[in-house]
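Fold and contact review
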Amino acid sequence: MQGHAAAQLTHQPTHRDGALVSVIVPLNPPSEYAGGGTHIEALGEALVLPQGHALLHPSSLRHAAQRITAGERWVLVVFLGHQRMRFAEHGRRFKARS
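Remember, predicted model here, so these are calculated numbers, not experimental data.

1. Focus on the environment of Leu76
Along the chain, Leu76 falls in strand S9 (residues 75–80). Sequence-distant contacts of Leu76, that is, excluding residues within four places in its chain, are made with Val23, Ile24, Val25 and Leu27.

In C-alpha cells, the structure reads:
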C-alpha cells in the first residue's frame with residue numbers, strides 16, 4: 001500500500017513476540033510483491049510461503065519481516081497466548097503497543 005511504503009512500514013526489525021506461539025499466514029501470492037518473507041534468525045534465511053500456508057513458531061524465536069521492495073504483501077498474524085483477558089482488554093493492549 002502506498003501509504004505504508006511512505007511511512008516505512010515495509011518491514012519489521014528482528015524481534016520476539018510476547019505470546020506463546022506466533023502464526024503468520026500470507027494472504028496474497030509471492031508473485032504480487034518483491035522481497036519480503038519472514039527471516040528466522042536461527043536459520044539465517046527468510047522463508048517466503050505460498051498464499052494460504054502458515055508459519056507457526058515459538059514467539060520467543062527471534063525473527064523479522066524482510067523489506068518489501070515492490071508490490072504489496074498482506075499477511076494475517078495471530079498470537080496464541082495463555083492469559084485470560086477481560087472483555088476488550090486486547091484492544092487496550094494493541095493501542096499501548098502501537
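Still more ground to cover, so stick around.
2. Considering the sheet that holds strand S7 (residues 63–65)
The sheet built from four strands is open, its strands ordered S1-S7-S4-S5 with antiparallel pairing. Looking at which strands have only one partner, the edges of the open sheet turn out to be strand S1 (12–15) and strand S5 (45–47). In this sheet, adjacent strand axes meet at a mean angle of 20° when their direction is disregarded. With three bridges joining them, strand S4 (residues 38–40) and S5 adopt antiparallel strand pairing. Within S5, the position partnered with His39 by the bridge is Ala46.

3. Thoughts on the side chain of Asp17
When you line up the elements, Asp17 lands in the loop between S1 and strand S2 (21–26). Its relative accessible area of 13% is what places Asp17 among the buried residues. Here His15 takes part through its side chain, which lies 3.2 Å from a polar atom of the side chain of Asp17. In terms of polar contacts, Asp17 uses its side chain to reach the side chain of His63, at 3.2 Å. Other than its neighbours up to four places away in sequence, Asp17 contacts Ser22, His57, Ser59, His63 and Phe79.

4. Side note on the sheet that holds strand S6 (residues 55–58)
Read across the open sheet, the three strands follow the order S6-S2-S9; overall the sheet is antiparallel. Edge positions in the open sheet fall to S6 and S9, since each of these has one partner strand only. With strand direction ignored, the average angle separating the axes of adjacent strands in the sheet is 15°. Here S2 pairs with S6 via four bridges, running antiparallel. What sits directly across from Val23, in S6, is Leu56.

5. A closer look at the side chain of Asn28
Tracing the chain through its elements places Asn28 in the loop between S2 and strand S3 (33–35). Accessibility expressed as a relative area gives 5% for Asn28, which makes it buried. Separated by 2.7 Å, the side chain of Asn28 and the backbone oxygen of Glu72 make a polar contact.

6. Focus on the environment of Pro26
Within the fold, Pro26 resides in strand S2. Sequence separation between Pro26 and Ala54 is 28 residues, and the spatial gap between their C-alpha atoms is 7.3 Å. Apart from the residues lying within four places of it in its own chain, the contact partners of Pro26 are Leu49, Pro50, Gln51, Gly52, His53, Trp74 and Val75.

Definitions and limits used
Residues numbered from 1 in each chain as written. Predicted model: local features only at pLDDT ≥ 70, side-chain atom pairs only at ≥ 80, totals over all residues. Heavy atoms only, no water. Helix = DSSP H or I, 4+ residues; strand = E, 2+ residues; numbered from the N terminus. Contact = heavy atoms within 4.5 Å. Pairing = 2+ DSSP bridges. Axes fitted to C-alpha atoms, helices over the stretch in contact; angles between N-to-C directions. Buried < 20%, exposed > 50% of the residue type's maximum accessible area, 1.4 Å probe, protein only. Polar contact = N/O pair within 3.5 Å; in protein donor to acceptor, adjacent residues only side chain to side chain.

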